[in-house]
Amino acid sequence: MVRQVLAGLPRPHHPAIRIRPDPMITTLRHLLVDSWAGRAAAILIFLAFIGWGVGDVYSNMGTSSSNTIVTIGNRTITPDDLARALSAQLPAAAQQMGLSDPSHLPDGTKQQIARQVLHNLVIQNEVQLAGERAGMVVPDELIRKEIFAIPAFHNAAGQFDRSMLNDRLARIGITEKRLIQMIREDIISRALLQGMGASVQAPTSLLNRLFAFDADQRVMDVLRVPFTSTAVSAAPTDEQLHRYYDNHPQDFRTTEYRHAKMVVMTADSVAKTIEVPDDVLHKLYDFQSRTYNMPETRTLQVLTFQDESKANAAATAWRNTNAWDAIQKAYPDAAAVALPHVRESDIPNPELAKAAFGAPANQISGPTKTAAGWVVFNITDVVAPHQTTFEQAKPELRDQVQKQEAPEALQARLKQFQDAIAGSTTLEKIPSNLGAVPAAGSLDSHGLMQDGTPAPIPGDAGLRQSIVQHIFSQKKDAQPVVVNGPDGSAFAVVVDEVHPGTRRPFADVRDQIVLAWTAEQQRHAADTRTTTLFTEAKKSTLAKALDGQTEASSLRKDVTISRIHPDQSLPQNVLRAAFGLKVGTTGMYEGPDAFWIVNVTGQKPGAEADAASLQKELSAQYVQALQADIPAALNASLEKTVPVSHLNTNLFNQVVASTSPGNAGGAQ
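Because the structure is a prediction, the values reported are computed rather than measured.

## As for the overall build of the chain
Stage number 1. What the chain contains, in helices and strands, is 23 helices and 17 strands.
Stage number 2. The buried share of the chain, taken over its 668 residues, is 43%.
Stage number 3. Within the chain, residue pairs in contact and separated by at least 24 positions form 76% of the contacts whose partners lie at least 6 positions apart.
Stage number 4. On the chain, roughly 34400 Å² of surface is accessible, and the fraction owed to carbon and sulfur atoms is 52%.

## What to know about the environment of Ala202
Stage number 1. Along the chain, Ala202 falls in the loop between helix 8 (176-193) and helix 9 (204-215).
Stage number 2. Spatially, the C-alpha atoms of Ala202 and Gln621 are 9.1 Å apart, while their sequence positions differ by 419 residues.
Stage number 3. Those residues in contact with Ala202 that sit more than four places away from it in its chain are Leu207, Ser619, Tyr622 and Val623.

## Topic: the sheet that holds strand 1 (residues 70-72)
Stage number 1. Strands sit in the order 2-1-17 across an open sheet of three strands; the sheet is antiparallel. The open sheet terminates on both sides in strands that have one partner only, identified here as strand 2 (75-77) and strand 17 (644-647). Taking each pair of neighbouring strands and ignoring which way they run, the sheet shows an average axis angle of 20 degrees.
Stage number 2. Bridging between strand 1 and strand 17 involves three bridges; their strand directions are antiparallel. Counterpart to Ile72 in the pairing with strand 17 is Val644.

## Considerations on the pattern of salt bridges
Stage number 1. Applying the stated criterion to the full structure yields 24 salt bridges.
Stage number 2. Of the charged contacts, one joins Glu296 and Arg298 as a salt bridge, the two residues approaching to 2.7 Å between their closest N and O atoms.
Stage number 3. Look at Glu296 and you get partly exposed, because its relative accessible area is 25%.
Stage number 4. The salt bridge partner of Glu590 is Arg523, with a shortest N-O separation of 2.8 Å. Of this pair, Glu590 sits in strand 15 (residues 586-590) while Arg523 sits in helix 19 (residues 510-539), placing them 67 residues apart in sequence.
Stage number 5. Residue Glu590 is classed as partly exposed on the basis of its relative accessible area, which comes to 37%.

## Comments concerning the sheet that holds strand 8 (residues 364-370)
Stage number 1. One open sheet accounts for four strands, arranged 7-6-9-8; its pairing is antiparallel. Two strands close off the open sheet at either side, each with one partner strand: strand 7 (335-342) and strand 8. Going from strand to strand, the sheet's axes swing by 25 degrees on average, the running direction of each strand aside.
Stage number 2. Inspection of the sheet shows strand 6 (residues 297-305) paired to strand 7 by six bridges, in the antiparallel sense. Within strand 7, the position partnered with Arg298 by the bridge is Val342.

## Notes on helix 19
Stage number 1. Between its first and last C-alpha atoms helix 19 spans 44 Å; for 30 residues at 1.5 Å apiece the expected length is 44 Å, and the two agree.
Stage number 2. Residues of helix 19 that are buried include every one of Ile513, Trp517, Gln522, Ala526, Thr530, Leu533, Phe534 and Ala537, and no others.

## Observations regarding unusual backbone geometry
Stage number 1. Cis geometry is found at the peptide bond from Gly366 to Pro367, where omega equals 5 degrees.
Stage number 2. Following the sequence through the fold, Pro367 ends up in strand 8.
Stage number 3. In this model, Asn362 sits at a positive phi of 55 degrees, which is unusual for a non-glycine residue.
Stage number 4. You can see Asn362 is positioned in the loop between helix 16 (350-356) and strand 8.

## Some remarks on the nonpolar core
Stage number 1. Of all hydrophobic cores here, the largest spans 29 residues; its most connected members are Met265, Leu397, Phe417, Ile421 and Ile430.
Stage number 2. Among the elements of the structure, strand 4 (257-265), helix 11 (267-271), helix 12 (278-287), helix 17 (390-422) and strand 13 (490-499) are those that each provide at least two residues to this core.
Stage number 3. Ranked by residue count, the leading element in this core is helix 17, at 11 residues.
Stage number 4. When sequence neighbours within four positions are dropped, the list of residues in contact with Ile421 reads Leu427, Ile430, Gln479, Pro480, Val481, Val482 and Ala492.
Stage number 5. Listed in part, the 25 residues of the second largest apolar core include Ile72, Leu105, Val122 and Val644.

## Some points on the side chain of Asn155
Stage number 1. Tracing the backbone through its elements, the reader meets Asn155 in the loop between helix 6 (140-148) and helix 7 (162-172).
Stage number 2. In this structure, Asn155 is in contact with Asp161 and Met164, ignoring residues within four places of it in sequence.

## Structural notes on the packing of helix 5 (residues 107-133) against helix 23 (residues 649-658)
A packed helix pair is summarised by two numbers, namely the angle formed by the two axes and the spacing between the axes.
Stage number 1. Following both chains from N to C, one finds helix 5 and helix 23 inclined at 120 degrees, their axes separated by 10 Å at the closest point. Viewed along their axes, helix 5 and helix 23 adopt a mutual orientation that is oblique. When you trace helix 5 past helix 23, the crossing you get is right-handed. Between helix 5 and helix 23, the residues in contact are Lys110, Gln111, Ala114, Arg115 and Leu118 and Phe652, Asn653, Val656 and Ala657, respectively.
Stage number 2. A per-class count over the contact of helix 5 with helix 23 returns five nonpolar, two polar and two charged.

## Points about the side chain of Thr530
Stage number 1. Mapped onto the elements of the fold, Thr530 is located in helix 19.
Stage number 2. On the basis of relative accessibility, which here comes to 0%, the residue Thr530 falls in the buried class.

## Let's talk about the confidence of the model for the chain
Predicted coordinates in areas of low pLDDT are best not read in detail.
Stage number 1. Model confidence for the chain is summarised by a mean pLDDT of 82, while 87% of its residues fall at 70 or above.
Stage number 2. Summarising per-element confidence for the chain, the mean pLDDT is lowest in helix 2 (residues 23-30) (34) and highest in strand 15 (96).
Stage number 3. Between residues 1-65, whose pLDDT stays under 50, and residues either more than four places distant or in other chains, the model counts 160 contacts.

## Digging into the packing of aromatic side chains
Stage number 1. This structure, assessed with the given rule, holds nine aromatic pairs.
Stage number 2. By way of ring pairs, the aromatic residues Tyr244, Tyr245, Phe252 and Phe506 are connected into one cluster.
Stage number 3. Over the ring of Phe227 we find Arg523; its NZ or CZ atom is 5.6 Å from the centre of that ring.
Stage number 4. Against the face of Phe213 rests Arg563, its NZ or CZ located 3.8 Å from the ring centre.

## Some words on the packing of helix 6 against helix 8
Stage number 1. Where helix 6 meets helix 8, the closest approach of the two axes is 10 Å, and the angle between their N-to-C directions is 105 degrees. With respect to helix 8, the element helix 6 is oriented roughly perpendicular. Mapping the contact onto sequence places Asp140, Leu142, Ile143, Glu146 and Ile147 in helix 6 and Leu179, Ile180, Ile183, Arg184, Ile187 and Arg190 in helix 8.
Stage number 2. Among the residues forming the contact of helix 6 with helix 8, the class breakdown is seven nonpolar, no polar and four charged.

## Some words on helix 23
Stage number 1. Taken as a whole, helix 23 has its buried residues at Leu651, Phe652, Val655 and Val656. Within helix 23, the buried residues cover an arc of 140 degrees as seen down the axis, which keeps them to one side. What points out from helix 23, more than 90 degrees from its buried face, is the exposed set Asn650 and Ala657.
Stage number 2. Buried residues along helix 23 sit against helix 4 (79-96) and helix 5.
Stage number 3. Structurally, the start of helix 23 carries an N-cap: the backbone nitrogen of Asn650 is 3.3 Å from a side-chain oxygen of Asn648.

Calculation rules
- Counting restarts for each chain: residues are numbered from 1 in the order of the written sequence.
- Local features in a predicted model are, by the rule used here, given only for residues with pLDDT of at least 70; side-chain atom pairs are given and counted only at 80 or more, and totals for whole chains, interfaces and linings are based on all residues.
- Hydrogens and water molecules were not included; the side-chain quantities draw on all heavy atoms of the structure.
- Put simply, DSSP marks the helices as runs of H or I at least four residues long and the strands as runs of E at least two long, and each gets a number from the N terminus on.
- Only protein chains enter the area calculation, which uses a 1.4 Å probe; residues under 20% of their type maximum are buried, those over 50% are exposed, and those in between are partly exposed.
- The contact criterion used throughout is that any non-hydrogen atoms of two residues lie within 4.5 Å.
- Only the protein chains shown count as cover for residues, and all accessible areas are computed by the Shrake-Rupley method using a 1.4 Å probe.
- When DSSP finds two or more bridges between two strands, those strands count as paired.
- The axes used here are C-alpha line fits, helices contributing only the stretch in contact, and every angle between their N-to-C directions lies in the interval 0 to 180 degrees.
- Throughout this description, the term salt bridge denotes a Lys or Arg side-chain nitrogen within 4 Å of a carboxyl oxygen of Asp or Glu.
- For a helix, the expected span equals 1.5 Å multiplied by the number of residues minus one.
- Side-chain atoms within 4.5 Å link the members of a nonpolar core, which is a set of buried Ala, Val, Leu, Ile, Met, Phe, Trp, Tyr and Cys residues.
- Throughout this description, any angle smaller than 35 degrees is read as roughly parallel, any larger than 145 degrees as roughly antiparallel, any in the 65 to 115 degree range as roughly perpendicular, and the remainder as oblique.
- The hand of a helix crossing depends on one turn: near helix anticlockwise from the far one by less than a right angle means left-handed, and clockwise means right-handed.
- Classification convention: Asp, Glu, Lys, Arg as charged; Ala, Val, Leu, Ile, Met, Phe, Trp, Tyr, Cys, Pro as nonpolar; all other residues, Gly among them, as polar.
- Each residue carries a pLDDT score, the predictor's own confidence in it, on a scale running from 0 to 100.
- Only rings of Phe, Tyr and Trp enter the pairing, Trp through its six-membered ring, and a pair is recorded when the two centres are within 6.5 Å. The plane angle decides the type: under 30 degrees is stacked, over 60 is edge-to-face, the rest tilted.
- In this scheme, the term charge over a ring applies when either NZ of a lysine or CZ of an arginine sits within 6 Å of the ring centre and within 35 degrees of the ring normal.
- Directions pointing from the helix axis toward each C-beta atom define the arc.
- In protein, a polar contact means a hydrogen-donor-capable atom and an acceptor-capable atom, both N or O and within 3.5 Å, with residues adjacent in sequence counting only if both atoms are side-chain atoms; elsewhere, any N or O pair within 3.5 Å suffices.

Here's what the structure looks like:
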């Protein structure tokens, strides 16, 4: 099997790394529940992502055999195949490890990721070989329908557009022939794997054990001792304050500020630079003509009755009260509906439509006989007909198209952005047509300027936080690098000034020192007192230990919790620890602002009310886990049928050493 073939490669372990599955592995793990068009679109998006930054740097390594990393039957995995797939995985792996740049990944970790990526590619090819052995042939018409259904190839009117297809394929650097091959292979994969694991069931005995674990209830007595519960009897001396001041220098410093230059590229910033031809906007305007050419609209409140006498009574009552909510409550048997801003043609009841658009506003009308019954209605708002010209709608239409195109354009420009950053140590040579927004200023580690207001950093809150963290982790005058931000964004920073915080004089912060010293003394006293009570509670019970003590009034008795019904007033560490205590035992824990003593007094089975819903949820989770294991077993079987016949370890290592997101000349 391929695992045995790859066993000779070094295997460092890094638990923080999870490999993001490529499209074929996603197919295996999710068992093809997505639509066919959706799957094809997912493959296209995947290739669009991995197509950047990996050039044909391995094409001149020798003969065809020397340019093959793995051979499986009559199929091969080339260095370009591995390099492109690996470059797609590295940014996500770096992000999981808290690294801003994939180039900072340790070599051993990169090798580990590359082995999994190679294994995923082998599985893709094994599935295709299984399809060939089964004699599967995909009709050209089916491939055509799938391609025509991919939204990325649709124009503004939502129709397939050959020019859009050509443009998208050119941008991601693949040929139409390659796209057809991808779609054909994906259809074969789905046909082979559809429905796999559908008959899996969870054993009742296992569900009962899982339910017992999650739903079993712990009964306990709980005492909370706040840090501030004990008063400090004596004021601190100057000697004590100076000692505290010397032992906590980091608490009494001025704020560090850094001046940074930055360039930020987001989907929103890129959108503003996308040029949209007028002919596209005209097509979109025509397609949305219903929105821009509005006839008169009305807002209706309607009651429908089957009995005319009730309709008459309701009309009279409504005229007297003129209150929509009250009339609905008074006549609960009537069908009540509100229709905001509808055209006459939007109302499905033609008799009501005609009556409503002929009736005066703000006047109870009816009863009117319709096919649905007797209607009583009120017109609360009338909007006169109006038309929005193309020129008036043009900015909104352009914004629609730009926002739709922006995510793809952002990815397409990342390589140019990386090249520009690499060629500018000061970030002052970034082409304006990329859609990258420059900014500069001084800020602290919370992103605040010296006046206390947030620094106007481009992007949303998540991106701004990422930029600030990078500013305060980057060395002064360090070479800027492109950092991947949230939602496909990217940025680079240069820290050109650092104003470190300085220690504030003792006299200036004396009052703060007094407060901090007092809080520490209170916490220490609370710790001592809680420890004394805990020691006594371990000898018998917490309730007996508190008998006659001042803390007895704070004791919470018979607190009942389970893993599915925790007590949210308890800190998470106290909750976790409580489930580890045996009945009759006591534990002491520290929370954010208090010490806690927990004495477990009993245990009860889970509530019957939870049994049905929880067991259903557990069954679904167990079945999902089993279904995820089935493809792994299938993979092993396929590898036995057509084992890997060739592995070029040296070439594998060369690719791993050479591959880094953004390197080389990828598709543009």
